[in-house]
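Reading the structure
Okay, here's what each chain looks like letter by letter:
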Amino acid sequence: MDLGVRWKLHGDGRTPAPGAVVRPDERLSWPRTVGLGAQHVVAMFGASFVAPVLMGLNPNLAIMMSGIATVIFLLATRGRVPSYLGCSLSFVGVAAVIRAQGGTSATVTGAVFVVGVALFLIGLAVQRFGARIIHAAMPPIVTGAVVMLIGFNLAPVTASTYWPQDQWTALLVMVFTALAVVCLRGFWSRIAIFLGLVFGYALSWVCDRVFGKIHSVDASGKVTDHWRLDLSGVGKADWIGLPSFHGPSFQWSAILVALPVVIALVAENAGHVKAVGEMTGDPLDDKLGTAISADGVASMLSTAVGGPPNTTYSENIGVMAATRVYSTAAYWAAAGFALLFGVCPKFGAVVAAIPGGVLGGITVILYGMIGLLGAQIWTNARVDLRNPLNLVPAAAGIIIGVGNVSLKFSGTFSLSGIALGTLVVIIGYHALRALAPAHLKQQQPLLDEGTSSYDENATGTTPATDPETRG
């Protein structure tokens with residue numbers, strides 16, 4: 001069985017010829033391949049270790065499981081889809097809501113485990129019936145609205161938890177990160193979040209030396225005099241050791257909050273597969289269902305031991321675009337680096353010491369970008385918001401999601417925020433569509449027209465559209 005772990009040497013193994021690309025089944029020399037793997041690790045670091053911190057999960061375990069998830073994905077796709085799987089930011093809001101309801105880390109991972117199961121089953125369905133089953137349920141107006149409400153639901157987390165810990169550091173980190181995203185080019189712009197974290201880390205250290213302790217709320221919410229950057233845990237941490245594991249706990253209320261995120265994960269995988277296919281010149285529509293299922297399995301495995309869920313990372317597409325090296329061997333190297341970081345508790349202690357003010361500046365931009373991806377889906381799919389069939393369910397769902405509106409069914413069961421907003425968008429759209437007059441029922445573009453395109457069936461024989469793509 002071909003598992004995609006055999007690579008032909010590209011040319012002399014040193015530098016690709018001008019205009020040439022290193023295909024997924026090729027590689028450069030092993031030292032260069034390992035170096036490219038390290039570059040992929042740097043590209044994914046910004047989001048992949050910030051996300052578990054924001055979710056209240058172990059960053060060491062998150063990095064280690066991202067390496068294992070990448071291996072699972074590469075094996076499942078037989079080495080045809082070069083990709084790194086890192087911690088999904090789509091679940092940060094879910095984790096915040098679950099914890100606000102009294103949930104623990106086990107409750108968070110249990111809810112997300114169920115999302116992984118749902119993603120796996122969706123992948124199997126796509127393999128069997130083709131992507132049309134997704135398109136029918138989730139046209140762009142639905143997908144964009146759900147992604148938008150997931151991102152904007154996070155605004156209170158920044159406003160009430162991170163920003164008040166050190167507002168001036170947060171402001172400066174926000175400005176620095178914004179400049180890095182806009183002004184830097186190529187690879188450096190892809191790691192702007194990581195650069196913002198490094199800047200904030202250094203700035204907090206300098207402020208502690210110059211101004212002393214700050215009087216503000218700390219991570220626990222208490223107003224105290226405290227250091228912005230507390231590195232006491234770094235010195236105590238071992239260099240080598242396994243991260244802590246824990247099993248999931250399942251609660252229906254938490255599961256219902258988390259399930260809507262499966263829509264965002266399907267869209268993320270869709271965009272990634274199509275973008276990689278166009279970059280490599282290898283149509284990958286037949287691997288769509290496999291990629292979605294592999295992501296589901298990887299997330300199930302990670303959350304089963306206490307880690308966060310995973311998704312394909314667009315940051316690494318930027319590295320491939322800059323280097324024109326699409327070799328999956330580089331991703332195997334990146335997975336190896338992630339496993340090494342995962343068994344270094346001192347690395348986890350450094351991550352855990354990120355000051356709250358720094359996270360405040362980062363999340364202002366990061367959470368907003370997540371929400372605005374929904375608007376990007378609408379724009380690229382040319383969704384007509386003048387049509388009340390599109391406008392009404394999206395407007396209602398977004399306000400419910402962002403405002404965390406609740407609907408109580410009994411003393412022990414209620415729906416609110418992300419879960420209720422998603423249901424309103426999906427059910428509301430299809431119910432209104434069934435009742436709307438014919439002139440409002442124009443043919444809707446495919447689910448992924450804002451991120452990619454698919455063929456009519458899983459074998460890739462009838463092209464549907466060719467929109468602009470994103471990673």
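Residues numbered from 1 in each chain as written. Predicted model: local features only at pLDDT ≥ 70, side-chain atom pairs only at ≥ 80, totals over all residues. Heavy atoms only, no water.

The chain is annotated in an unreviewed UniProt entry as Solute carrier family 23 protein of Streptomyces tropicalis. Word for word, the UniProt comment on the chain under Subcellular location (unreviewed entry) is "Membrane". Check the Sequence similarities (unreviewed entry) section of the UniProt entry for the chain; it says "Belongs to the nucleobase:cation symporter-2 (NCS2) (TC 2.A.40) family." (UniProt positions renumbered as here; feature names shortened; annotations may be inferred.)

1. Description of the overall build of the chain
In terms of helices and strands, the chain carries 20 helices and 8 strands. Counting across all 471 residues of the chain, residues that qualify as buried make up 54%. In the chain, once contacts between residues fewer than 6 apart in sequence are set aside, the share between residues at least 24 apart is 76%. When the accessible surface of the chain is split by element, carbon and sulfur atoms take 66% of a total near 19,300 Å². (Helix = DSSP H or I, 4+ residues; strand = E, 2+ residues; numbered from the N terminus. Buried < 20%, exposed > 50% of the residue type's maximum accessible area, 1.4 Å probe, protein only. Contact = heavy atoms within 4.5 Å. Areas by Shrake-Rupley, 256 points an atom, 1.4 Å probe, with all protein chains shown as cover.)

2. Structural notes on helix 3 (residues 92-100)
Burial in helix 3 covers these residues: Val92, Gly93, Val94, Ala95, Val97 and Ile98. Positive phi appears at glycine 102, one or two residues downstream of helix 3, with a value of about 95°.

3. Describing the packing of helix 19 (residues 388-403) against helix 20 (residues 417-435)
At their nearest, the axes of helix 19 and helix 20 sit 7 Å apart, and the two run at 165° to each other. Relative to helix 20, the element helix 19 lies roughly antiparallel. Like other packed secondary-structure pairs, helix 19 and helix 20 cross with a definite hand, here right-handed. Counted together, Leu389, Asn390, Val392, Pro393, Ala394, Ala396, Gly397, Ile400 and Gly401 of helix 19 and Gly417, Ile418, Leu420, Gly421, Val424, Val425, Gly428, Tyr429, Leu432 and Arg433 of helix 20 form the full contact between these two elements. Looking at side-chain class alone, the contact of helix 19 with helix 20 contains 12 nonpolar, 6 polar and 1 charged residues. (Axes fitted to C-alpha atoms, helices over the stretch in contact; angles between N-to-C directions. Parallel < 35°, antiparallel > 145°, perpendicular 65-115°, else oblique. Left-handed = near helix turned anticlockwise from the far one by under 90°. Nonpolar A, V, L, I, M, F, W, Y, C, P; charged D, E, K, R; others polar.)

4. Brief notes about the packing of helix 8 (residues 167-183) against helix 10 (residues 192-211)
Helix 10 packs onto helix 8 with a crossing angle of 145° between their chain directions and a minimal axis gap of 9 Å. In the crossing of helix 8 with helix 10, the sense of the turn from one axis to the other is right-handed. The residues of helix 10 that touch helix 8, namely those facing Thr169, Leu172, Val173, Phe176, Thr177, Ala180 and Val181, are Ala192, Ile193, Leu195, Gly196, Phe199, Gly200, Leu203 and Ser204. Across the contact of helix 8 with helix 10, the residue classes tally to 10 nonpolar, 5 polar and no charged.

5. Here we look at the nonpolar core
In this structure, Met55, Leu197, Ile354, Tyr367 and Trp378 are the most contacted members of the largest nonpolar core, which totals 93 residues. In contact with tryptophan 378, not counting residues within four places along its chain, are Pro140, Ile141, Gly144, Ala145, Met148, Val383, Leu385, Ala394 and Ile398. (Core = buried A, V, L, I, M, F, W, Y, C linked by side-chain atoms within 4.5 Å.)

6. What to know about the packing of aromatic side chains
Counted by the stated rule, this structure contains 3 aromatic pairs. Across from the ring centre of tryptophan 227, 5.7 Å away, lies the NZ or CZ of arginine 209, which sits over that ring. Lying over the aromatic face of tryptophan 239, lysine 346 brings its terminal NZ or CZ to 5.1 Å of the ring centre. (Phe/Tyr/Trp six-rings, centres within 6.5 Å; stacked < 30°, edge-to-face > 60°. Lys NZ or Arg CZ within 6 Å of the ring centre and 35° of its normal.)

7. Here we look at helix 10
Taking 1.5 Å of rise per residue, 20 residues should cover 28 Å, and helix 10 covers 27 Å from first to last C-alpha, within 8% of that figure. Those residues of helix 10 that fall on the buried side of the exposure criterion are Ala192, Ile193, Leu195, Gly196, Leu197, Gly200, Tyr201, Leu203, Ser204, Cys207 and Asp208. Just beyond helix 10, the residue with positive phi is glycine 212, at close to 80°. (Expected span 1.5 Å × (residues − 1).)

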